[in-house]
Amino acid sequence: MATTTLGVLGWGVFIVAGLLLFLFEIYWFNEWWGGAGIVVAVFVPPIAAFFPFIFLALEGLSLVYLGVWAVGLAGVGLAAWAGYE
């Protein structure tokens with residue numbers, strides 16, 4: 001686990017980005033399907049793996065979504081890099 005400041009920062013960035021992406025998914029499922037979309041988004045987590053493809057098909061490319069995703073990956077990279085120090 002991350003014991004350095006850099007590692008904690010990396011994991012923190014990753015967790016915040018993940019929560020933002022989850023909220024993004026819940027919001028859009030609510031827009032598309034109403035209340036049933038919220039239930040699906042919350043209680044069927046494996047759909048999160050397919051959400052980017054669903055969103056791309058229905059709404060087109062979203063630079064905000066991809067940007068938050070990239071920030072999350074950078075956080076994981078930062079935490080991993082901190083582990084090698």
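Residues numbered from 1 in each chain as written. Predicted model: local features only at pLDDT ≥ 70, side-chain atom pairs only at ≥ 80, totals over all residues. Heavy atoms only, no water.

### Some points on the overall build of the protein chain
In terms of helices and strands, the protein chain carries four helices and zero strands. The helix and strand sequence of the protein chain, counted from the amino end, reads α-α-α-α. Relative to the globule expectation of 12 Å for 85 residues, the C-alpha radius of gyration of the protein chain, 15 Å, shows a markedly less compact shape. When its C-alpha atoms are laid out on the principal axes, the protein chain stretches across 45 × 25 × 15 Å. Here the protein chain, with 85 residues, has 24% of them falling under the buried criterion. (Helix = DSSP H or I, 4+ residues; strand = E, 2+ residues; numbered from the N terminus. Rg over C-alpha atoms; globule rule 2.2 N^0.38 Å. Buried < 20%, exposed > 50% of the residue type's maximum accessible area, 1.4 Å probe, protein only.)

### Topic: the packing of helix α1 (residues 5-33) against helix α4 (residues 63-83)
Axis separation between α1 and α4 bottoms out at 7 Å; the angle between their running directions is 155°. It follows from the interaxial angle that α1 and α4 lie roughly antiparallel. For the element pair α1 and α4, the recorded crossing hand is left-handed. Facing Leu6, Gly7, Leu9, Gly10, Trp11, Val13, Phe14, Ala17, Leu20, Leu21 and Phe24 of α1, the residues of α4 in contact are Tyr65, Val68, Trp69, Val71, Gly72, Gly75, Val76, Leu78, Ala79, Trp81 and Ala82. Classifying every residue of the contact of α1 with α4 by side-chain character gives 18 nonpolar, four polar and no charged. (Axes fitted to C-alpha atoms, helices over the stretch in contact; angles between N-to-C directions. Parallel < 35°, antiparallel > 145°, perpendicular 65-115°, else oblique. Left-handed = near helix turned anticlockwise from the far one by under 90°. Contact = heavy atoms within 4.5 Å. Nonpolar A, V, L, I, M, F, W, Y, C, P; charged D, E, K, R; others polar.)

### Re a nonpolar patch on the surface
A cluster of nonpolar side chains, Val16, Leu20, Phe22, Leu23, Ile38, Val39, Val42, Phe43 and Val44, forms an exposed patch at the surface whose accessible area comes to about 780 Å². Elements with a contribution of two residues or more to the nonpolar patch: α1 and α2 (35-43). Looking at the secondary structure, you find Val42 in helix α2. For Val42, a relative accessible area of 35% translates into the label partly exposed. (Patch = residues over 30% accessible without salt bridge, like charges linked within 9 Å, V, L, I, M, F, W, Y side chains within 5 Å. Areas by Shrake-Rupley, 256 points an atom, 1.4 Å probe, with all protein chains shown as cover. Salt bridge = Lys/Arg side-chain N within 4 Å of Asp/Glu carboxyl O.)

### Focus: the nonpolar core
Residues Leu21, Phe24, Ile26, Trp28, Phe29, Ala41, Phe51, Phe55 and Tyr65 constitute the largest nonpolar core, which totals nine residues. When residues of this core are traced back to their parent elements, those giving at least two are α1 and α3 (47-59). Considering each element in turn, this core owes the most residues, five residues, to α1. Contact partners of Phe24, with chain neighbours within four places excluded, come to Phe51, Phe55, Ser62 and Tyr65. (Core = buried A, V, L, I, M, F, W, Y, C linked by side-chain atoms within 4.5 Å.)

### Quick notes on the packing of α1 against α2
It is at 6 Å that the axes of α1 and α2 come closest, and there the two elements cross at 150°. Relative to α2, the element α1 lies roughly antiparallel. For the pair α1 and α2, the crossing hand works out as right-handed. Two secondary-structure elements touch here, α1 through Phe22, Glu25, Ile26, Phe29, Asn30 and Trp33 and α2 through Gly35, Ala36, Gly37, Ile38, Val40, Ala41 and Val42. For the contact of α1 with α2, the class distribution of residues is nine nonpolar, three polar and one charged.

Without other data, these values stay purely geometric and don't point to any function.
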